[in-house]
Amino acid sequence: MLFTRSHVLFVHHWGQHTDTHICSRRPKRFRTRRHRVQVPGWTHARRMGSSGEEQLSRLDSDADLLDGTDAARSPAALLKEFLQDRDKHPPSNGQGPFFYIGGSNGASIISAYCRSKGWQRTQDSREDYRLKWCEIKCRDNYHSFQEGQQLLFQLPNNKLLTTKIGLLSALQEHEKTLSKMNQMLPGTQTRVLKMEDFFPETYRLDVSNERQAFFTLFDETQIWICKPTASNQGKGIFLIRSQEELTALQAKTQSTERPLHCKMSLRGPQARVVQRYIQNPLLLNGKKFDVRSYLLIACAMPYMVFFGHGYARLTLNLYDPHSSDLSSHLTNQFMQKQSPLYMLLKEDTVWSMDHLNCYINDKFQRTKGLPHDWVFTTFTKQMQQIMAHCFLAVKSKLECKLGYLDLIGCDFLIDENFKVWLLEMNSNPALHTNCEVLKKVIPGVVMETLDLALETSQKSLRGQKMLPLRSQHRFALLHNGEADPRPRPRPRPRPGASGARPRPRPAGPAPGTGPAPGEPRAERGGAGHRGS
């Protein structure tokens, strides 16, 4: 459901990606100075879309910092100033509040934001943190999480959306549910998205009937792309274009398939999907591209879900559907960095959304009969509808507690007929700023993400209405869960408080950290993966 009552300012620049695995390692020590950085805005903002007691007093003071005299300064300038001085002064030895960052993805921006609020970075695994932002999901984080008192990045079972099999299964099940509902209530049928409208035809190779269906329908007039379910950065991806390549894939899946009588300790075939390759992508100066946008779950009790504009990612090479070079087919930065020309031409691999909009206005508005600013009207609306549809497909299954938040990178492709396709969703999207466009985009993404998480958690804790949100500027509201049939949680007493009994630690893995429905369970101690 899209909300269109008020307005939001969008920015037409933003970010890139890194994904998730389960591990207990901590990153190297990162020393930085305390520096006040108020919440800045993006440049080139455009109005469009929809808008969106010690603990309470501290939350109030955090929210008060949202409006500051530095708001007009660009995030790139603020971040540059912070990074220049970060090693000169070590953090003070105060009493908190504390924040913990696990990994390097976006660490400088997150640290600058938290220190601007007077929070102190901790390098140990203490449990009295205000914010924990880890690119690696750890079961202990969810066991020790204090609902209503802390913010924790990444929903424990976000793999329902962010793995290929998880997303495919969720969309298939959701479509069946909607179909049954329309049959039961024929007089109230409404237009809903169908998978074929936005998701390329996909088959699971770890499911026998789907695998055989793909082997049967394959012919050499079509290109298919084979992907591991939980990998990224182009790792493990290859194209299938000939009968010889199909035969090799058949042999590989048969040689790794586990007989029914084998014990479960034996490793089964690697979970993969095959997806129909979009052979007629829209090109920018002859190069293939896709668009990275953001799905933000700022609050999980109730759900407050937002859409955010991102940026376009281009290949360095001209598009050739017959090329065997994967960097001509995959647009992510990891693949483009393999080229010896990357450092020289890296600025050409990322376009702002304003740049993309101007290009399409100039090249295609008249020839294709597109509305003016197609990127910020039709395309934006379609991306929002697709994201909302995907979220609703998993909403009832996501692990939700007050204080969970998530930022998911969504990759869209536009074909030459201006049809919009969702390629995949990625957990822990890259927050690196290695080119000028990303320097203008990523800091604002992170800062407004944390602003919205703080404000919505505060309002939920106090039982206040969510809207209007004073920290909402460039994210558009997709789903307001205040009307959802779910009671508001009460904050749990802090450990050691009078009358509070320590909760026993649950046995087994943290809720939601197992595989998505129908997805093979990972090996113990698996290293996981990073995103693109």
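Treat the numbers as computed from the prediction; the structure is a model and nothing was measured.

## Side note on the packing of aromatic side chains
Evaluation of the coordinates by the stated rule reveals 15 aromatic pairs. Of the aromatic side chains, those joined through ring pairs into one cluster are Trp351, Tyr359, Phe364, Trp374, Phe379 and Phe418. In this arrangement the basic side chain of arginine 126 is found over the ring face of phenylalanine 98, its NZ or CZ atom lying 3.7 Å from the centre. Above the face of the tyrosine 100 ring, lysine 132 is positioned so that its terminal group lies 5.3 Å from the ring centre.

## Remarks on the packing of helix 3 (residues 107-116) against helix 14 (residues 436-462)
Contact pair helix 3 / helix 14: the axes reach a minimum separation of 10 Å and the direction vectors enclose 45°. With respect to helix 14, the element helix 3 is oriented oblique. Helix 3 and helix 14 meet at a crossing whose hand is right-handed. Note on element contacts: helix 14 touches helix 3 through Ile442, Pro443, Val446, Met447, Leu450, Asp451 and Leu454, opposite Ile109, Ile110 and Tyr113. In terms of residue class, the contact of helix 3 with helix 14 is made up of 9 nonpolar, no polar and 1 charged.

## Concerning the sheet that holds strand 8 (residues 224-228)
Strands sit in the order 7-10-8-9 across an open sheet of 4 strands; the sheet is antiparallel. Strands with a single pairing partner mark the edges of an open sheet, and in this sheet they are strand 7 (202-204) and strand 9 (238-240). Looking at each pair of strands side by side, their axes are set apart by 25° on average, direction ignored. The pairing of strand 8 with strand 10 (residues 272-276) spans 5 bridges and is antiparallel. Within the sheet, the bridge partner assigned to isoleucine 225 lies in strand 10 and is glutamine 275. Where helix 6 (residues 164-184) meets the sheet, its contacts fall on strand 7, strand 8 and strand 10, and the angle it forms with strand 7 comes to roughly 110°.

## A closer look at the pairing of strand 13 (residues 303-314)
Most of strand 13 sits inside the fold, with 12 of its 12 residues counted as buried. Pairing of strand 12 (residues 287-300) with strand 13, which is carried by 10 bridges, proceeds in the antiparallel orientation. Each bridged residue has a counterpart across the sheet, and for alanine 300 the counterpart in strand 13 is tyrosine 303. Where strand 12 folds back onto strand 13 in an antiparallel hairpin, the turn is made up of 2 residues. Note that strand 13 and strand 17 (residues 475-480) share 5 bridges and pair antiparallel. Across the sheet, the residue bridging to glycine 308 is phenylalanine 475, located in strand 17. Pairing analysis gives 3 bridges linking strand 13 to strand 14 (residues 350-352), with the strands arranged antiparallel. Counted as the bridge partner of tyrosine 311 is serine 352 from strand 14.

## Looking at the environment of aspartate 128
Tracing the backbone through its elements, the reader meets aspartate 128 in the loop between strand 4 (120-121) and strand 5 (129-134). Separated by 30 residues in the primary sequence, aspartate 128 and phenylalanine 98 place their C-alpha atoms 7.1 Å from one another. The contacts of aspartate 128, once residues within four sequence positions are left out, are Phe98 and Gln150. A polar side-chain atom of aspartate 128 sits 2.5 Å from a polar atom in the side chain of arginine 126.

## A look at the packing of helix 6 against helix 13 (residues 378-394)
Running from amino to carboxyl end, helix 6 crosses helix 13 at an angle of 85°, the nearest separation of the two axes being 9 Å. Considered as vectors, helix 6 and helix 13 are oriented roughly perpendicular to each other. Where helix 6 approaches helix 13, its residues Leu167, Ala170, Leu171, His174 and Leu178 are matched on the opposing element by His389, Cys390, Leu392, Ala393 and Val394.

## So, the side chain of asparagine 480
Assignment of secondary structure puts asparagine 480 in strand 17. A relative accessible area of 12% places asparagine 480 in the buried class. Looking at asparagine 480, its side chain comes within polar contact range of the side chain of glutamate 482, at 3.0 Å.

Definitions and limits used
Residues numbered from 1 in each chain as written. Predicted model: local features only at pLDDT ≥ 70, side-chain atom pairs only at ≥ 80, totals over all residues. Heavy atoms only, no water. Phe/Tyr/Trp six-rings, centres within 6.5 Å; stacked < 30°, edge-to-face > 60°. Lys NZ or Arg CZ within 6 Å of the ring centre and 35° of its normal. Axes fitted to C-alpha atoms, helices over the stretch in contact; angles between N-to-C directions. Helix = DSSP H or I, 4+ residues; strand = E, 2+ residues; numbered from the N terminus. Parallel < 35°, antiparallel > 145°, perpendicular 65-115°, else oblique. Left-handed = near helix turned anticlockwise from the far one by under 90°. Contact = heavy atoms within 4.5 Å. Nonpolar A, V, L, I, M, F, W, Y, C, P; charged D, E, K, R; others polar. Pairing = 2+ DSSP bridges. Buried < 20%, exposed > 50% of the residue type's maximum accessible area, 1.4 Å probe, protein only. Polar contact = N/O pair within 3.5 Å; in protein donor to acceptor, adjacent residues only side chain to side chain.

Limitation: the analysis is restricted to geometry and does not speak to function.
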